[in-house]
Each structure stands twice: as C-alpha cells, then as structure tokens.
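# Architecture at a glance
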Amino acid sequence: MPQPTKSKTAAILLSFFLGGLGIDRFYLGYTGMGVLKLLTAGGFGIIAIIDFVRIIIGSLKPADGSEWLP
C-alpha cells in the first residue's frame, strides 16, 4: 500500500472553497474529473457538493489508493 501523501483537511478546504473549479480533484489525483469540473463549473454546482460530502464521509480518497495523512 502506498504511503499517505494527502491531507483530508486540505482536501475538504479545497473542495469547499475551490470545488467548483475542480481543484479538489486535481489535488486528489483525478485529473480527468478535475478538468470536467473546471469546464462545467463543478457540474453546475452539483458535482462540487457531492464531492465535498464524499470527502467528508470518506468515500472519496486519493487516486493512488493511499490513506489520508494522520
């Protein structure tokens, strides 16, 4: 299993403030989804909200399969 490299707190803050631009997905390593969110203003806000909730509850994790930093 890869070593943790991403902070859950940072991901939550990025998702809250810049989720409409896809910055949270770029941070987590999901470049394709980040571009989609960037071009559609966060899926018209819907995908941005869903991603914010998914990061909080833990169902959206870094793309490399690592866990969150402690």
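This text goes with the structure placed above it.
Fair warning: this is a prediction, and the values are worked out from it, not measured in the lab. (Residues numbered from 1 in each chain as written. Predicted model: local features only at pLDDT ≥ 70, side-chain atom pairs only at ≥ 80, totals over all residues. Heavy atoms only, no water.)

### Let's talk about the overall build of the protein chain
A count of helices and strands for the protein chain gives five helices and zero strands. Computed over C-alpha atoms, the radius of gyration of the protein chain comes to 11 Å, within 12% of the 11 Å expected from 2.2 N^0.38 for 70 residues, which places it in the range of a compact globule. With the principal axes as the frame, the protein chain shows a C-alpha extent of 35 × 20 × 15 Å. Expressed as a percentage of the 70 residues in the protein chain, the buried residues total 26%. Long-range pairs, those at least 24 residues apart, make up 56% of the contacts in the protein chain between residues at least 6 apart in sequence. Surface summary for the protein chain: the accessible area is close to 4100 Å², and the carbon and sulfur share equals 74%. The averaged location of the 4 negative side-chain charges in the protein chain is 3 Å from the averaged location of its 6 positive side-chain charges. (Helix = DSSP H or I, 4+ residues; strand = E, 2+ residues; numbered from the N terminus. Rg over C-alpha atoms; globule rule 2.2 N^0.38 Å. Buried < 20%, exposed > 50% of the residue type's maximum accessible area, 1.4 Å probe, protein only. Contact = heavy atoms within 4.5 Å. Areas by Shrake-Rupley, 256 points an atom, 1.4 Å probe, with all protein chains shown as cover. Lys, Arg positive; Asp, Glu negative; His and termini not counted. Charge placed at Lys NZ, Arg CZ, Asp CG, Glu CD.)

### Concerning the pattern of salt bridges
This structure, assessed with the given rule, holds four salt bridges. Among the ionic pairs, Asp24 bridges to Lys37, the shortest N-O distance being 3.0 Å. Of this pair, Asp24 sits in helix α2 (residues 23–28) while Lys37 sits in helix α3 (residues 31–39), and the two are 13 residues apart along the sequence. With respect to burial, Asp24 and Lys37 carry one shared label: buried. (Salt bridge = Lys/Arg side-chain N within 4 Å of Asp/Glu carboxyl O.)

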